[in-house]
Amino acid sequence: MTHSLPETTAAPRAATSAPLRLGFIGLGLMGRPMAHNLLKAGFPLTVHSRSLAPVKELAAAGARPANSPREVAAAADVVITMLPDAPEVEAVLLGPNGVIESAAAAPPGLTVVDMSTISPIATRRLAARLAEVGIWMLDAPVSGGTVGAEAGSLSIMVGGPEAAFERCRPVFEALGQRITYMGPSGAGQLTKACNQIMTAGIYVVMSEALVLAAKSGLEPAKVVQVLNGGAARCWALEVRAPKILRRELSPGFKAAMQAKDLNIVAEVARTYHVPMPVTGVVRELYSAMLAAGDGELDNSAVITV
């Protein structure tokens, strides 16, 4: 039996063909370089973040600073959010001075594009609430880390109304290279959950291989070179393994965020009654990493466990 999340019942407003004015909320490790790329692509951009330094940096590059999510939405056709988790997204969208408070004065077809990684169940609930006041919502989580964010080469997986996706395609093209419409609301987040299963699992298995190589007297760098020439070749071996061997563990994607995403995976697995024993072990290893105080390190630093 297959399962799908229910469709939002309320119909959003029709989109317009006017040039897109963008808003960006959340200027952290990922959001800051993404916002810069949107400016470079020529989009008018309004920004807001709890941290003032990146707001000033973006303002110096040509963006307009705003004091609240509501103010961002009032100046935008598309509002992009890049935030840590569902509670932060909900606060920005539905809380005091949130995006939803701009609905009465918003242009037709105002669209929220949440590029955070959050629960697909939370995504559907937020999308339904926004749809009640005529605001479209796309869930568009990304893969590629800070390297992809800076290079504009992210992989973007999108769920939500297809008309909204087509309208926002030029925005996605300024941020990524592989852009895929996955289906109705929540489909982007479900795809990201699958991505995070693979990413975390690969780092854990790669860590075991490198530790075994070192403990058994092999030269780990040579082992990485050999593995990259065969069936085990992968992005983690090519990009992250050399950094691990040099003890460069500063985050491209924080282990704490990887752990948060694995909690989302566990929620989705429970919802759809999918046993995930291997991912359960991987999740526990990341929990151990956080317990050791290493949550701010890169997710590949799970080798320290």
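Before reading on, note that the structure itself is shown above.
Residues numbered from 1 in each chain as written. Predicted model: local features only at pLDDT ≥ 70, side-chain atom pairs only at ≥ 80, totals over all residues. Heavy atoms only, no water.

1. Some words on the overall build of the protein
Thinking step 1. The helix and strand tally for the protein stands at 12 helices and nine strands.
Thinking step 2. For the protein, whose C-alpha radius of gyration is 20 Å, the value lies close to the compact-globule estimate of 19 Å for 305 residues.
Thinking step 3. On the principal axes, the C-alpha backbone points of the protein span a range of 65 × 50 × 35 Å.
Thinking step 4. The buried share among the 305 residues of the protein stands at 49%.
Thinking step 5. Across the protein, contacts joining residues at least 24 apart in sequence account for 67% of those joining residues at least 6 apart.
Thinking step 6. Accessible surface computed for the protein: about 13,900 Å², of which carbon and sulfur atoms make up 58%.
Thinking step 7. Taken together, the 26 basic and 25 acidic charged side chains of the protein have centroids lying 3 Å from each other. (Helix = DSSP H or I, 4+ residues; strand = E, 2+ residues; numbered from the N terminus. Rg over C-alpha atoms; globule rule 2.2 N^0.38 Å. Buried < 20%, exposed > 50% of the residue type's maximum accessible area, 1.4 Å probe, protein only. Contact = heavy atoms within 4.5 Å. Areas by Shrake-Rupley, 256 points an atom, 1.4 Å probe, with all protein chains shown as cover. Lys, Arg positive; Asp, Glu negative; His and termini not counted. Charge placed at Lys NZ, Arg CZ, Asp CG, Glu CD.)

2. Overview of the pairing of strand E2 (residues 45–48)
Thinking step 1. The alternating pattern of E2 places Leu45 and Val47 and Thr46 and His48 on opposite faces, both of which are buried.
Thinking step 2. In the sheet, strand E1 (residues 22–25) pairs with E2 via four bridges, with the strands oriented parallel. Looking across to E2, one finds that Ile25 is bridged to His48.
Thinking step 3. Regarding the hand of the β-α-β motif, the stretch spanning E2, helix H2 (residues 52–60) and strand E3 (residues 64–65) is right-handed. (Pairing = 2+ DSSP bridges. Right-handed = clockwise from strand over helix to strand, strands pointing away.)

3. A few points about the packing of helix H9 (residues 220–227) against helix H10 (residues 235–245)
Thinking step 1. Interaxial distance between H9 and H10 falls to 10 Å at its minimum, and their mutual angle equals 180 degrees. With respect to H10, the element H9 is oriented roughly antiparallel. For the pair H9 and H10, contact is made by Pro220, Ala221, Val224 and Leu227 and by Leu237, Ala241 and Leu245, respectively.
Thinking step 2. Looking at side-chain class alone, the contact of H9 with H10 contains seven nonpolar, no polar and no charged residues. (Axes fitted to C-alpha atoms, helices over the stretch in contact; angles between N-to-C directions. Parallel < 35°, antiparallel > 145°, perpendicular 65-115°, else oblique. Nonpolar A, V, L, I, M, F, W, Y, C, P; charged D, E, K, R; others polar.)

4. Points about the environment of Pro184
Thinking step 1. Relative to the assigned elements, Pro184 resides in the loop between strand E9 (176–183) and helix H8 (187–215).
Thinking step 2. Looking at Pro184, the relative accessible area reads 33%, which means it is partly exposed.
Thinking step 3. Taking the C-alpha atoms as reference points, Pro184 and Val268, 84 residues apart in sequence, are found 16 Å from one another.

5. Re the nonpolar core
Thinking step 1. Counting residues in each nonpolar core, the largest one holds 35 residues, and the members touching the most others are Phe24, Leu38, Leu45, Met115 and Phe172.
Thinking step 2. In terms of residue count, helix H7 (residues 162–173) provides more of this core than any other element does, five residues in total.
Thinking step 3. When neighbours within four sequence positions are excluded, Leu38 is seen to be in contact with Leu22, Phe24, Phe43, Leu45, Ile80, Val171, Ala174 and Leu175. (Core = buried A, V, L, I, M, F, W, Y, C linked by side-chain atoms within 4.5 Å.)

6. Focus: the packing of aromatic side chains
Thinking step 1. All chains considered together, the criterion is met by two aromatic pairs.
Thinking step 2. Arranged with centres 6.0 Å apart and planes meeting at 25 degrees, the rings of Phe165 and Phe172 form a pair that is stacked.
Thinking step 3. Look at Phe165 and you get buried, because its relative accessible area is 2%.
Thinking step 4. Relative to Tyr181, the ring of Phe165 lies with its centre 5.2 Å away and its plane at 35 degrees, an arrangement referred to as tilted. Remark: Tyr181 occurs in strand E9 and Phe165 occurs in helix H7; sequence separation between them is 16 residues.
Thinking step 5. Three or more aromatic residues joined by ring pairs make a cluster, and in this case those are Phe165, Phe172 and Tyr181. (Phe/Tyr/Trp six-rings, centres within 6.5 Å; stacked < 30°, edge-to-face > 60°.)

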